[in-house]
Amino acid sequence: MGMLYGREQEQAVVDALLDGARAGRSGVLVLRGEPGIGKTALLEYAVAAAGEAFRVVRATGVEYEAELPFAGLSLLLAPGLDRLSALPGPQRRSLEGAFGLGEDAAPAGAPGDRLLTGLATLGLLAELAAEQPLLCLVDDVQWLDRASLDALLLAARRLQAEGVALVLAVRDAGAGGAGAAGGAADGLPLAGLPELRLAGLPESAAARLLDARTAVELTGGVRRRLLAEAAGNPLALTELPVAAGESAVGDAAAAPGVLPLTSRLQIAFHGQVTGLPPATQNLLLVAAAEENGDLAVVLAAAAALGVTAEHLAPAEESGLVHVDADRRLVFRHPLLRAAILQRAPLQQKLTVHRVIGEALEDGDRRTWHLALAATAPDAELADALERTAVRAEARGGHGGAAAAYERAARLTPDRDGATRRLVLAAEAATEEGKLEQAEALAERAGARTDDALAHALLDHVRATAHFWRGSYPTAYRLLLDAAGTGIEPSHAARMLFQAFHAAWYAGEEPVVAVLDRLAAVLAELPEDDPLTPLARHLPAAVLPALGRPAGPLPAARDTAAAARRAGAETPGDLVQLCGATLILGRDAETAELAAELVAEARAKGVVGVLPTLQFFAAEAELFHGRHRDAEVTATEALALARDTGQHQWVSQLSALLACLAALAGDADQVAALTATARTATALTTSTPGGGTAGSAAAAPGEPWAQWALALLDLGHGRAGDAADRLQGLTTGPYRHHVSGTRAVPDLVEAAVRLGAPECAAEPYERFARWAGAAAVPWAEALRLRCQALLGSDELAESAYRAALGLHDGTHRPFEQARTGLLYGEWLRRERRRTDARPHLRAALETFERLGARPWADRARTELTATGASAPAPADAPAGALTALTPQELQIARLAAQGLTNRDIAAQLFLSPRTVGHHLYKAYPKLGIASRTDLPALF
């Protein structure tokens, strides 16, 4: 490679990344800048600096009118396909499906789970780095197909200790040129990755580069003008002088400020191309339109135009293109390719797409090129495009499917067939998270038909867009109305389940309206429909919690079994059941079902549903007083939700972890986590694919965030602040949420301490009705505790004692200790110090064991006030395991069960080397030398 001018600081950043990989640490770097600023040159520097010590894999995004799912990723990972057998089964099958390897290859995930393909990408990168560090380079990331980009970015966010250096070069948002809207980086989900922005070269370095690369003699005026116009852009300093040498100052360098620099560079490139023989120009147009640069395909297509391989020589001699070691035709710069395509006449481009399609073997690329060449309806070609779309969806490439369905609709001769394909395009765009495109397609399709089912499906598209923007009432109303248009009961039931999700954030009345409609649909659902058991269970689990009558509530396990017998196949089919069991206090059922579904999701590689299931599992663990288990579960789920772009669950899980931090008295963590939960308000208006849309709404984690802040206040004796927060939570629009219900006993305690018990009267009455409907001992114990606080002193003791009796055997140590603390405080105020001590001592021991420091401090103060000695506060909760991070603890537990690093990596979606790295860090914290010592600790 040539010398880099003025990039010493940028080279040092790349060197540090490579040094980390040599030492076994993985790292990611995003290079960002305008076209020609030197991103590709810095990638070439990385290759040279890596030397033979590194294995290198690379790919380049190519601007293309079609979208072929996983095309970019397949090129990047092609050198590692011989190592697929080393991956866990689900991950291996996901990549085989994504790349179309063999007829028996399963689709990517279950079904089309791009997240699993991303984890498989991580695994394959780790395998490629097994013998030597790996340098992975991707240029022009803004033009990667979305399926490849999502998989690659998921892998990037989970790289830890594999020895992989990943460098992604991306064009700045708004950079001009052909297809600038598609190439702009605005919608790329790169947030959180380390970024290096390339600016123009310093003046002295720009002058040295201009002098070194200019073959013609420039006059002083022209030289100064070129330096000013190039503004430090290395490509401009290299290419504009060619134009200047050809015509004084040259069209490309003229008129400063009239044309953007990118456009002037394209003019300069086009000027170089127009000087070539016509046959060579035709061959370059074929190469520009053939997205893979496959020399054999380019020459075969060009032959149909009377062009041969000999006509490539002038372009090679001028340095415009070269043929690489893989027999691919590579343009000197993407702007050259764009200039050729942009300035070619339309009829010529149509002809080129036709000859490329005819040169390709049967397949999706052939279909797409022929479709791009078509100028009139073509039923056969439209059918082929629909088959392409179906294959794209099976691989998880919903964006590619949307484009294929839409193009197929344009080529479909009959109106109804075209409308059907527009509906399919809108649905696929929704799955991809392209909400504006989905809504536009829905409007086009809706204007063409009166079919009730079509309009219901289009309302579903619109509702999904509103839901992701946080417009829950609108989403709920669209889905509720669509389900009542006389469509098939199975379609209606599926819409109502999604309407329930939207209604849950819209308020109690919308929830009741959805459940009433679901009850009506249930009467028409066949017994062998997988939704029938769930439709029967959901109203019975929710309506009594809202004070409404409902039928008997079956056990969650029985409902799950019935749904499975009727055809529910994946954990995702049962996820809503798992959450619904919490609403009426069936926490043990949630814990059991969530554990089963999480294990199944891990085994099947169903990654996308894990954060949801783990949120419900962590809630159950928290309510059972298993704070450390809840922290481990929620921490893994939060990392997975972040890495997979599930912003709703980033908000929810951050807020749940904030509650755990509040119980531990960690004010800094509470502040940080609640801020994350609330800033996810903006993120939840992002599409599932990463683009932003619409105005902000309250974050899904807001109720938990309010509860976390109130618990922190209550633990530190700030009863007034706690009461204010809790009253808003328990009487406002979230009062029916699990957190809104479970926070009522905290409100009662805060209000009584504040001397304003009347503030809690109405929430307590609702909680008492809820506890009666729940009919579980622990809920009645909490009601009795509230009654003891709110009632007369004459009745307090009997209520406390009854509550403690019910707590026994419920396996909820934190709530039992809180009841014991309150009873002990009451006894001390009644001057019964001796009676108070055992309750206060037991509460102190429990709080210390759980790491609930504010409550431990309060119990210690009360115990001391009785005249008894109390142990000094512990610096940390007892036990060596508390020194581990949640991820270290999770890995150590699995290792103690005898699982190998590879087994653990498959379960936790990490690389084996990352697992080994965490164990290596855990051993000294635990005071042990190897994994053989782990079983004794657990």
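All values derive from a computational prediction rather than experimental measurement. (Residues numbered from 1 in each chain as written. Predicted model: local features only at pLDDT ≥ 70, side-chain atom pairs only at ≥ 80, totals over all residues. Heavy atoms only, no water.)

**Focus: the pattern of salt bridges**
Two side chains with opposite charge may pair up if their charged atoms get near one another. Under the counting rule described, the total for this entry stands at 61 salt bridges. Among the ionic pairs, arginine 858 bridges to glutamate 749, the shortest N-O distance being 2.8 Å. Highlighted residues: arginine 858 in helix 43 (residues 853-865) and glutamate 749 in helix 37 (residues 744-754), separated in sequence by 109 residues. Across the pair, glutamate 749 and arginine 858 agree in class, each one buried. In this structure, the salt-bridge partner of arginine 860 is glutamate 848, at a minimum N-O distance of 2.2 Å. Of the two residues, arginine 860 sits in helix 43 while glutamate 848 sits in helix 42 (residues 833-850), which places them 12 residues apart along the sequence. The class of arginine 860 is buried, set by a relative accessible area of 9%. (Salt bridge = Lys/Arg side-chain N within 4 Å of Asp/Glu carboxyl O. Helix = DSSP H or I, 4+ residues; strand = E, 2+ residues; numbered from the N terminus. Buried < 20%, exposed > 50% of the residue type's maximum accessible area, 1.4 Å probe, protein only.)

**Here's the deal with the packing of helix 20 (residues 415-432) against helix 21 (residues 435-446)**
With their axes 8 Å apart at the nearest point, helix 20 and helix 21 run at an angle of 160° to one another. One way to sum up the angle between helix 20 and helix 21 is to call them roughly antiparallel. Crossing handedness for the pair helix 20 and helix 21: left-handed. Counted together, Thr419, Leu422, Val423, Ala425, Ala426, Ala429 and Thr430 of helix 20 and Gln437, Ala438, Leu441, Ala442, Arg444 and Ala445 of helix 21 form the full contact between these two elements. (Axes fitted to C-alpha atoms, helices over the stretch in contact; angles between N-to-C directions. Parallel < 35°, antiparallel > 145°, perpendicular 65-115°, else oblique. Left-handed = near helix turned anticlockwise from the far one by under 90°. Contact = heavy atoms within 4.5 Å.)

**Topic: the sheet that holds strand 1 (residues 27-33)**
Spatially, 2-3-4-1-5 is the arrangement adopted by the five strands of the open sheet, whose pairing is parallel. Edge positions in the sheet fall to strand 2 (55-60) and strand 5 (195-197), since each of these pairs with one other strand and no more. Going from strand to strand, the sheet's axes swing by 15° on average, the running direction of each strand aside. When strand 3 (residues 134-139) meets strand 4 (residues 164-171), the two strands line up parallel, connected through five bridges. Pairing of valine 138 across the sheet is with leucine 168, part of strand 4. (Pairing = 2+ DSSP bridges.)

**A closer look at a negative patch on the surface**
Together, Asp414, Asp416, Asp450 and Asp451 line one region of the surface with negative charge. Inspection of the secondary structure assignment puts aspartate 414 in the loop between helix 19 (398-411) and helix 20. (Patch = residues over 30% accessible without salt bridge, like charges linked within 9 Å, V, L, I, M, F, W, Y side chains within 5 Å. Areas by Shrake-Rupley, 256 points an atom, 1.4 Å probe, with all protein chains shown as cover. Lys, Arg positive; Asp, Glu negative; His and termini not counted. Charge placed at Lys NZ, Arg CZ, Asp CG, Glu CD.)

**Some remarks on helix 4 (residues 89-99)**
With eight of its 11 residues buried, helix 4 lies for the most part within the structure. All of the buried residues in helix 4 are Pro90, Gln91, Ser94, Leu95, Glu96, Gly97, Ala98 and Phe99. Following helix 4 by one or two positions, glycine 100 adopts a phi angle in the positive range, close to 65°.

**As for unusual backbone geometry**
Excluding glycine, residues mostly have negative phi values, and the peptide bonds linking residues are mostly trans. In the Ramachandran plot, arginine 327 falls in the positive-phi region, its phi being about 60° despite a non-glycine side chain. On the basis of relative accessible area, arginine 327 is assigned to the exposed category, the value being 54%. At histidine 811, a residue that is not glycine, the phi angle is positive and equals roughly 60°. One can find histidine 811 in the loop between helix 40 (793-807) and helix 41 (813-829).

**Side note on the confidence of the model for the chain**
With 92% of its residues at a pLDDT of at least 70, the chain reaches an overall mean of 89. Below a pLDDT of 50 lies the segment residues 682-696, which in the model reaches 39 contacts outside its immediate sequence neighbourhood of four places, other chains included. (pLDDT = per-residue confidence, 0-100.)

**Some remarks on the state of the cysteines**
A full pass over the atoms with the stated rule returns zero disulfides. The structure places no disulfide on cysteine 578, whose sulfur is separated from the nearest cysteine sulfur, that of cysteine 659, by 19 Å. Summary of cysteine pairing: cysteine 759 is not part of a disulfide, and the nearest cysteine sulfur, belonging to cysteine 786, is at 14 Å. (Disulfide = S-S within 2.5 Å.)

**Description of the packing of aromatic side chains**
Per the counting criterion, the structure on display carries 17 aromatic pairs. Both rings, one in phenylalanine 467 and one in tyrosine 472, keep their centres 5.3 Å apart while their planes meet at 65°; by these two values the pair is edge-to-face. Judged on exposure class, the residue phenylalanine 467 and its partner tyrosine 472 are both buried. Their ring planes at 20° and their centres at 6.2 Å tell us that phenylalanine 623 and tryptophan 704 sit as a pair that is stacked. Taken as a pair, phenylalanine 623 in helix 30 (residues 610-623) and tryptophan 704 in helix 34 (residues 702-715) lie far apart in primary sequence, 81 residues in all. Judged on exposure class, the residue phenylalanine 623 and its partner tryptophan 704 are both buried. Here the aromatic residues Phe615, Phe616, Phe623, Trp649, Trp704 and Trp707 are joined through ring pairs into a cluster of three or more. Across the ring face of phenylalanine 623, the terminal group of arginine 742 is positioned such that the distance to the ring centre comes to 4.2 Å. (Phe/Tyr/Trp six-rings, centres within 6.5 Å; stacked < 30°, edge-to-face > 60°. Lys NZ or Arg CZ within 6 Å of the ring centre and 35° of its normal.)

**Considerations on the side chain of glutamine 652**
Of note, glutamine 652 is situated in helix 32 (residues 647-663). There is a polar contact of 3.0 Å between the side chain of glutamine 652 and the side chain of tyrosine 505. The contact partners of glutamine 652, leaving out residues within four places of it in the chain, are Tyr505, Phe615, Pro700, Gly701 and Trp704. (Polar contact = N/O pair within 3.5 Å; in protein donor to acceptor, adjacent residues only side chain to side chain.)

**Comments concerning the nonpolar core**
Within soluble globular proteins, side chains that are nonpolar tend to cluster in buried spots. Grouped together as the largest cluster of nonpolar side chains are 184 residues, with contacts concentrated most on Phe500, Val542, Trp704, Trp707, Leu726 and Phe847. Of all the elements, helix 32 adds the most residues to this core, at 12 residues. For leucine 726, the residues in contact, after removing those within four places along its chain, are Trp707, Ala710, Ala743, Asp746, Leu747 and Ala750. Counting 50 residues, the second largest nonpolar core, distinct from the first, contains Ala268, Val286, Ala287 and Ala289. (Core = buried A, V, L, I, M, F, W, Y, C linked by side-chain atoms within 4.5 Å.)

**Comments concerning the environment of leucine 863**
Considering the arrangement of structural elements, one finds leucine 863 in helix 43. Residues leucine 863 and proline 611 lie 252 residues apart in sequence; the distance between their C-alpha atoms is 41 Å. The contacts of leucine 863, once residues within four sequence positions are left out, are Arg837, Leu840, Arg841, Leu844, Ala868, Ser869 and Ala870.

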